[in-house]
Amino acid sequence: MNRAELGAALRALRQASGKEAKAVARGAAMSGSKLSKIENGGVLPSAVDVEQILTAIGVSEDVKAVYMSVARAAATETTAWRLYRRLGYHRKQQQIQAIEARTTLLRLFQPSLVPGLLQTPEYVQAVLGRKQLGEDQMSRAVGARLARQHILYEPGRQLRFIVTESVLRWRIVPPLVMAGQLDKLISVSRLPSVDLRVVPLSVRQTDFPSHSFSVKDDRLVTVEPIHAELAVTDPRDVALYVRKFEGFEQVALSGNAMRSLITEIRDEFLRQQETG
C-alpha cells in the first residue's frame with residue numbers, strides 16, 4: 001500500500017468495522033464530503049486526516065501504526081490558510097480540538113501571540129478580526145476556539161507553554177483588556193496540568209524565536225508561517241523542535257518568578273488605562 005492507495009484502504013477498513021461514513025466524518029472532525037473524496041481517491045489524505053479517521057473507526061494501535069507509516073511517507077505537509085477560510089475557521093478549530101483530545105503531552109512555543117488555549121474571548125476576537133470574517137463565521141470561530149480550552153481542566157494532561165516576554169507586551173487589544181488577558185495567564189498557570197513559562201527579554205539568548213510551533217506527544221509538529229500550516233511527522237524533524245523547545249525552557253521563568261513578571265506588566269497596562 002502506498003499513499004495513493006490509502007483512501008480506498010481506509011474505506012475498506014471503515015466498511016469492515018460497520019461504521020457509517022457520517023459517524024466517522026463526525027468523529028474525525030471533517031465534513032462528509034471530504035471523507036468521501038479521501039475514500040474515493042479524489043483527495044490525498046494528510047497524516048493528520050489518516051490519524052483522525054483511524055481513531056474515529058476505532059482500530060487497534062498495531063493497525064494504526066501500519067497505516068500511519070504510509071501516511072507519513074511525506075514528512076512535511078502544507079495546507080494553505082485560504083483553504084481553511086473556504087471551509088470555515090471553526091472547522092479548523094474543531095480539527096485542532098480533535099487532535100488535542102488525543103494528546104497527553106503538548107508543548108507549545110509562541111513568540112508573537114498568547115496561545116489559543118490561554119486566550120480570553122476578547123483576545124480571540126482581536127486575533128480573528130484580522131481575517132475579516134462575517135458575523136456568523138466570527139461567532140462560530142470564537143466559540144470553537146474557546147471550546148478547546150476544556151482540555152486545560154482535564155486530568156492526566158501535560159500542557160507546557162513557553163511564550164516570550166514580547167507576547168505579554170504586544171498590544172492588539174486596549175490596555176484594560178490586555179490586563180484581563182494577563183490575569184487569565186496568571187490564573188491558568190496555577191492549574192495542575194499547565195506549565196507556563198516566559199522567556200524574559202533581559203536574559204542573554206543562544207537561540208532565535210523564528211516562529212510558533214506545537215509538538216503533540218513527539219509524533220506531530222504543527223508550524224504556522226504566514227501562508228499555510230505545516231504538519232511535520234518525521235521523527236528526526238520532530239526531535240529538532242523538541243530540542244528547540246527544551247532550549248527555551250531552560251532560560252524561561254516559571255512559577256512565582258514568571259507570575260511576578262506577568263503581574264508587573266499587567267500593572268503597567270492598568271496604569272496606561274488610568275492615564276488614558
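Structural notes, computed from the coordinates.

1. Brief notes about the layout of surface pockets
In step 1: As a volume, the largest pocket reaches approximately 1,100 Å³.
In step 2: Contributing to the lining of the largest pocket are 41 residues, with W81, L113, K131, R145 and E224 lying nearest its centre.
In step 3: Those elements giving two or more residues to the lining of the largest pocket turn out to be helix 6 (81–87), helix 7 (89–101), strand 2 (105–110), helix 8 (121–128) and strand 5 (213–216).
In step 4: Here the element with the most residues in the lining of the largest pocket is helix 7; it accounts for seven residues.
In step 5: Along the lines of polarity and charge, the residues of the lining of the largest pocket split into 20 nonpolar, eleven polar and ten charged.
In step 6: If you add up the space inside the second largest pocket, you get close to 670 Å³.

2. A few points about the pattern of salt bridges
In step 1: The full count for this structure, using the stated rule, is 18 salt bridges.
In step 2: R102 is the partner of E51 in a salt bridge, and the nearest nitrogen-oxygen pair spans 3.8 Å. Pair noted here: E51 is in helix 4 (residues 47–57) and R102 is in the loop between helix 7 and strand 2, with a separation of 51 residues, a long-range link.
In step 3: Judged by relative accessible area, R102 falls into the partly exposed class, the value being 22%.
In step 4: Across the salt bridge formed by D136 and R140, the nearest N and O atoms sit 3.8 Å from each other. Within this pair, D136 and its partner R140 are both found in helix 9 (residues 135–147), separated by four residues, close to a single helical turn.
In step 5: Several salt bridges share partner residues, and in doing so they unite E51, R102, D217 and R219 into one network.

3. Some remarks on the pairing of strand 5
In step 1: Burial of strand 5 is two-sided: the residues F213 and V215 facing one way and the residues S214 and K216 facing the other way are all buried.
In step 2: The pairing of strand 5 with strand 6 (residues 220–223) spans four bridges and is classified as antiparallel. From the neighbouring strand, F213 faces strand 6, where its bridge partner is V223.
In step 3: As consecutive antiparallel partners, strand 5 and strand 6 are separated by three residues, and within that stretch D217 has a phi angle of approximately 50°, a positive value.

4. Overview of the packing of aromatic side chains
In step 1: Under the defined criterion, the tally for this structure stands at three aromatic pairs.
In step 2: Relative to F213, the ring of F109 has its centre 5.6 Å away and its plane inclined at 35°; by these criteria the two rings are tilted. On the criterion of sequence distance, the pair formed by F109 in strand 2 and F213 in strand 5 is long-range, its members being 104 residues apart. Of the two residues, F109 and F213, both sit in the buried class.
In step 3: Taken together through their ring pairs, the aromatic side chains of F109, F213, Y241 and F248 make up a single cluster.
In step 4: Across from the ring centre of W81, 6.0 Å away, lies the NZ or CZ of K131, which sits over that ring.

5. Structural notes on unusual backbone geometry
Glycine aside, residues mostly have negative phi angles, and peptide bonds mostly take the trans form.
In step 1: In this structure, S210 takes a positive phi of about 65° despite not being glycine.
In step 2: Mapped onto the secondary structure, S210 falls in the loop between strand 4 (194–199) and strand 5.
In step 3: Classification of S210 as exposed rests on a relative accessible area of 59%.
In step 4: Within the chain, D218 stands out as a residue other than glycine whose phi angle is a positive 60°.

Rules of the game
For every chain, the first residue of its written sequence is number 1, and the numbers climb from 1 along that sequence. Selection of residues for local features in this predicted model requires a pLDDT of at least 70, selection of side-chain atom pairs for listing and counting requires 80 or more, and totals for whole chains, interfaces and linings are taken over all residues. Side-chain numbers here rest on the full set of heavy atoms in the structure, without hydrogens or water. A cavity here means a set of 1 Å grid points, computed over protein atoms only, where a 1.4 Å probe fits but cannot escape. A pocket is an open set with protein on both sides within 12 Å along at least 5 of 7 lines, and lining residues have an atom within 4 Å of a point. Grid points are joined across faces, edges and corners, and a volume is the space filled by probe spheres set on the points. Runs of E in the DSSP output that reach at least two residues are strands. Runs of H or I that reach at least four are helices, and both are numbered from the N terminus. Throughout this entry, Asp, Glu, Lys and Arg are counted as charged residues, while Ala, Val, Leu, Ile, Met, Phe, Trp, Tyr, Cys and Pro are counted as nonpolar. The remaining residues, Gly among them, count as polar. The term salt bridge refers to a pairing of a side-chain nitrogen on Lys or Arg with a carboxyl oxygen on Asp or Glu at a separation within 4 Å. Three labels apply to residues, based on accessible area from a 1.4 Å probe with only protein chains included: buried if under 20% of the type maximum, exposed if over 50%, partly exposed otherwise in between. In short, DSSP must find at least two bridges between two strands for them to pair. Centre distance within 6.5 Å is the pairing criterion for rings of Phe, Tyr and Trp, where only the six-membered ring of Trp is used; planes under 30 degrees apart are then read as stacked, over 60 as edge-to-face, and the remainder as tilted. Geometrically, a lysine NZ or arginine CZ counts as sitting over a ring once it is within 6 Å of the ring centre and also within 35 degrees of the ring normal.

Just geometry here; none of it tells us what the structure is for.
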